[in-house]
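Descriptive analysis of the structure
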Amino acid sequence: MADTVVELRSVTKRYGRNTVLDAVDLAIERGEFLTLLGPSGCGKTTILRLVAGFEAPTSGEVWLEGKDVTDLPPNRRQVNTVFQSYALFPHLSVYDNVAFGPQLAGARADDLDRKVREALAKVQLDEFAERRPNQLSGGQQQRVAIARAIVNRPSVLLLDEPLSALDYKLRKAMQIELKQLQRQLGITFVFVTHDQEEALSMSDRIVVLDAGRIQQIGPPRSIYETPANLFVAGFVGEINLLPAQVRDVGDDGLGIAIEGHSMRLPKATAIKTVPHAGDAVYVGVRPEDLRIWREVEVTDDLRPTLFPAVIDEVIYKGSTVDLQVRLRESGTRLSTTQFFNEDDPAITELDFASGERVYVSWVPGWEVVLPHD
Amino acid sequence: MTDQVASALHDDTGGFRRVAIGTTWFWLLLFALVPNLLVIVVSLLERGEDQFVRLAFSLDSYARLLDPLYAGVFWSSFRLAAIATLICLVIAFPFALGVARAPLRWRPALLALVVIPFWTSSLVRTYALVILIKTEGLLNAALLGMGLIDEPLEILYTELAVVIGFVYTELPFMVLPLYAAMEKLDWRLVEAARDLGAGAWSVLWRVLVPLTLPGIIAGSMLVFLPALGMFYIADVLGGAKELLIGNLIRDQFLSARDWPFGAAASVVVTVLMAALIGIYSLSQRRFGTKGAA
């Protein structure tokens, strides 16, 4: 078994009648970058506060480094938090903010100075030691908050939407920096965010939460490519959901009726719960997995296997062109992302026009089959 | 058209502002500045035999204040006011913290409890204290009844009684500014301190006290300054044994009829208070720039 740092054992948290976490079990491994992802109110911040010790679970246990810490106050847990608002002490200099933890731990003067300077150097704030927090930019305050936490060498660093107050460019830069810092320090990071892109690009594992329950745990790739249910599929990335009917379940795959077509989906298709014949399901396809065929590209043998469609909207995105299309038969709307392709002269220019009649397909096996919730 | 309306409105508020500010200025001039100037003038005159004062310049009254006897009066006044301030702070700090952390809907009620005593004259409340703490009073009766003490406590007409009176009367003036400071406090800073390993004591000294310092100073001024001047509490509860500045000044005007000396004592107290307020506003300004995050 992997080396577990934090463990939630059947943790339930209620505020009055409102259940924020419902019997959550979660094991966080040493050294991993784990992201808690979900919409606001899903319980992700509550998990963080339970691990930090600011909240006590209504029932269940919180374990840290193999010890039950459910009743231990925050100051006696080897865990530090980077707060969403940074929560820097306004009456202390940057240096004293960072020195706060080591001082309380009783660090000796020379040792303290070395630790603080080291932590400030890690976040490139050596020159700002004597400033006050309100004399720093948002990004710099963010770095102080990180330095103040990592200087204590916690077993686990908890980050509560730390990048949400930063502008887009700075956020991107900090994402990379945080990831590097985590690798350098080898500290377990538990990162809370509602930004799925952030979660995908930074995490070793993602925990997708909704309504106080864990919907799926896994590496970013499996979360994106094989979502466990409709919620995860819809929350993480964009997805087109096509209603379909299962005809038969055979060794060679799944026979379905979809949009007036019959299709055979290969067995490789990631299916968490194997449907039975007659089940109504959704077939989910990511926008970038949909291929758009122009009229000139389609041969007569190819035509029956494609879904005829009409382009509603063409959205130029720089590196891609997003097309909103409508299936001609059912009127189902799909969004697709087309990449500029040097090798395919027909679509190199991607000069689609709205109202153009096209065909849609995807490579069987790239879809996910999801049961109705 | 709209411009005309706007400018008319503007003129209107301008007129109102002038009247409102003018009234206040007039009031302060007539009832604060002029009397104070009179006191200063009187303090620089000589005592008269038949009139209250003789129109002759003299620094005699100030010289007399240097007498160790009066220095002792100043000292014990400051001491008692300081003790009362400290006790108020120790009582009010946890209370204000509790109110600031209480659910929003309870806070008005909790603050009302602090304000309710103001509905009764403080002189009446001071006499009520006598009934509580006198030798045959309710406090002694209760303590004796419970068998906690064998002999009644002699509190009334001691320094302790005066301090109790000060604390009782002045406590709300400590609670309210402390509450105002704590309500503004970002509680996440306390969480951050806890997260970084601070126990209750460290949270108090490293976060709560520094961040509520303006409230602590304001409350201390509001308790300390009036405590210096209140004479009836020393009279009623101290049995007039304890001579404080307030009593000294009153006696000079009403019984000793030495107006220049009373005025001089009064001027010295005013200057000391002004100095304290000056220090306070300086510290406010320093803290204000720091806290403007």
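Residues numbered from 1 in each chain as written. Chains lettered and ligands numbered in written order. Predicted model: local features only at pLDDT ≥ 70, side-chain atom pairs only at ≥ 80, totals over all residues.

**As for the overall build of chain A**
Helix and strand counts for chain A stand at 9 helices and 20 strands. When the backbone C-alpha atoms are referred to their principal axes, chain A occupies close to 80 × 45 × 35 Å. Counting only residues that meet the buried cut, chain A has 37% of its 373 residues in that class. For chain A, contacts bridging at least 24 residues in sequence account for 66% of all contacts bridging at least 6. (Helix = DSSP H or I, 4+ residues; strand = E, 2+ residues; numbered from the N terminus. Buried ≥ 20, exposed ≤ 12 C-beta atoms within 10 Å, placed from the backbone. Contact = placed C-beta atoms within 7 Å.)

**Topic: the overall build of chain B**
Within chain B one finds 13 helices and 2 strands. By the compact-globule yardstick of 19 Å for 293 residues, chain B is too spread out, its C-alpha radius of gyration being 24 Å. Expressed as a percentage of the 293 residues in chain B, the buried residues total 29%. Residue pairs at least 24 apart in sequence account for 69% of intrachain contacts in chain B once pairs closer than 6 positions are excluded. (Rg over C-alpha atoms; globule rule 2.2 N^0.38 Å.)

**Here we look at the domain arrangement of chain A**
Residue and element names in this part refer to chain A. Partitioning chain A into domains gives domain 1 (4-233) and domain 2 (238-371). Distance between the C-alpha centres of domain 1 and domain 2: 39 Å. Taken together, the contacts link 7 residues of domain 1 with 7 residues of domain 2. Across the side of domain 1 that touches domain 2, the residue classes tally to 4 nonpolar, 2 polar and 1 charged. (Domains from an automatic or database assignment. Nonpolar A, V, L, I, M, F, W, Y, C, P; charged D, E, K, R; others polar.)

**Examining the interface of chain A and chain B**
Reports of interface size often rely on the accessible area that becomes lost once the parts have come together. Between chain A and chain B, the contact holds 21 residues from the first and 18 residues from the second. Listed by contribution, the elements that provide at least two residues to the side of chain A that touches chain B are strand S6 (79-82) and helix H2 (94-104) of chain A. For the side of chain A that touches chain B, the element with the most residues is H2 of chain A, which contributes 3 residues. Per-class residue counts for the side of chain A that touches chain B are 12 nonpolar, 8 polar and 1 charged.

**Focus: the pairing of strand S10 (residues 213-218) of chain A**
Residues and elements named next belong to chain A. Sheet analysis places strand S9 (residues 205-210) next to S10, joined by 5 bridges and oriented antiparallel. If you follow Ile 206 over to S10, its bridge partner there is Gly 218. Hairpin connection between S9 and S10: a loop of 2 residues separates the two successive antiparallel strands, and Ala 211 in this loop has a positive phi of roughly 50°. (Pairing = 2+ DSSP bridges.)

**What to know about the sheet that holds strand S12 (residues 253-258) of chain A**
Residue and element names in this part refer to chain A. With respect to topology, 5 strands assemble into an open sheet ordered S13-S12-S11-S14-S20, the strand pairing being antiparallel. Each having just a single partner strand, strand S13 (261-265) and strand S20 (368-371) make up the two edges of the open sheet. Between one strand axis and the next, the sheet turns by 40° as a mean value, whatever way the strands run. Relative to strand S14 (residues 280-285), strand S11 (residues 240-250) runs antiparallel, the two sharing 6 bridges. Residue pairing for S14: Leu 241 is matched across the bridge by Gly 284. (Axes fitted to C-alpha atoms, helices over the stretch in contact; angles between N-to-C directions.)

**A look at the packing of helix H7 (residues 159-184) of chain B against helix H10 (residues 213-229) of chain B**
Residues and elements named next belong to chain B. One can describe the packing of H7 onto H10 by two numbers: an axis separation of 8 Å at closest approach and a directional angle of 160°. As judged from the angle between their axes, H7 and H10 are roughly antiparallel. Handedness of the H7/H10 crossing: right-handed. Residues Phe 166, Glu 170, Phe 173, Met 174, Pro 177, Leu 178, Ala 180, Ala 181 and Met 182 of H7 lie in contact with H10, whose contacting residues are Pro 214, Gly 215, Ile 216, Ala 218, Gly 219, Leu 222, Val 223, Pro 226 and Ala 227. (Parallel < 35°, antiparallel > 145°, perpendicular 65-115°, else oblique. Left-handed = near helix turned anticlockwise from the far one by under 90°.)

**Notes on the sheet that holds strand S1 (residues 4-15) of chain A**
All names here are of chain A. Taken in spatial order, the 4 strands make up an open sheet running S2-S1-S4-S5, and their pairing is antiparallel. The open sheet is flanked by strand S2 (18-29) and strand S5 (67-68), the only strands paired with a single partner. When S1 meets S2, the two strands line up antiparallel, connected through 8 bridges. Within S2, the residue paired with Arg 14 across the bridge is Thr 19. The sheet contacts of helix H1 (residues 44-52) involve S1, S2 and strand S4 (59-64), and relative to S1 the element is tilted by about 115°.

**Examining the domain arrangement of chain B**
Residue and element names in this part refer to chain B. For chain B, the assigned domains are domain 1 (1-43) and domain 2 (61-291). For domain 1 and domain 2, the distance between their C-alpha centroids amounts to 33 Å. Listed as interface residues are 4 residues of domain 1 and, on the opposing side, 7 residues of domain 2. Broken down by class, the residue content of the side of domain 1 that touches domain 2 amounts to 3 nonpolar, 1 polar and no charged.

**Description of the nonpolar core**
With 102 residues, the main nonpolar core has Val 51, Val 98, Ala 147 and Val 190 of chain A as its most contacted residues. Element by element, the count of residues in this core is highest for helix H4 (residues 138-150) of chain A, at 6 residues. In contact with Val 98 of chain A, other than residues within four places in its own chain, are Val 116, Ala 119, Leu 120, Val 144, Ala 147, Arg 148 and Val 151 of chain A. Residues Leu 156, Leu 178, Ala 227 and Ala 234 of chain B belong to the second largest nonpolar core, which totals 49 residues. (Core = buried A, V, L, I, M, F, W, Y, C linked by C-beta atoms within 7 Å.)

**Side note on unusual backbone geometry**
Trans is the common state for peptide bonds, and a negative phi is the common state for residues other than glycine. All names here are of chain A. In this model, Ala 87 sits at a positive phi of 50°, which is unusual for a non-glycine residue. In this fold, Ala 87 is placed in the loop between S6 and H2. Not every positive phi belongs to a glycine, and Glu 161 is a case in point at roughly 40°. Its location among the elements puts Glu 161 in the loop between strand S7 (156-160) and helix H5 (168-185).

**Some remarks on H2 of chain A**
Of the positions making up H2 of chain A, those classed as buried are Val 94, Asn 97, Val 98, Ala 99, Phe 100, Gly 101 and Pro 102 of chain A. Structurally, H2 of chain A contributes buried residues whose contacts are with helix H3 (109-122) and H4 of chain A.

**Looking at the confidence of the model for chain A**
In this model, chain A carries a mean pLDDT of 90, and residues with pLDDT of at least 70 account for 95%. Taken element by element, chain A is modelled with least confidence in helix H9 (residues 345-348) of chain A, mean pLDDT 56, and with most confidence in strand S3 (residues 33-37) of chain A, mean pLDDT 97. (pLDDT = per-residue confidence, 0-100.)

**A look at the environment of Thr 337 of chain A**
For Thr 337 of chain A, the location among the structural elements is in strand S18 (residues 333-339). Considering only alpha carbons, one finds Thr 337 of chain A and Asp 248 of chain A, 89 residues apart in sequence, at a separation of 31 Å.

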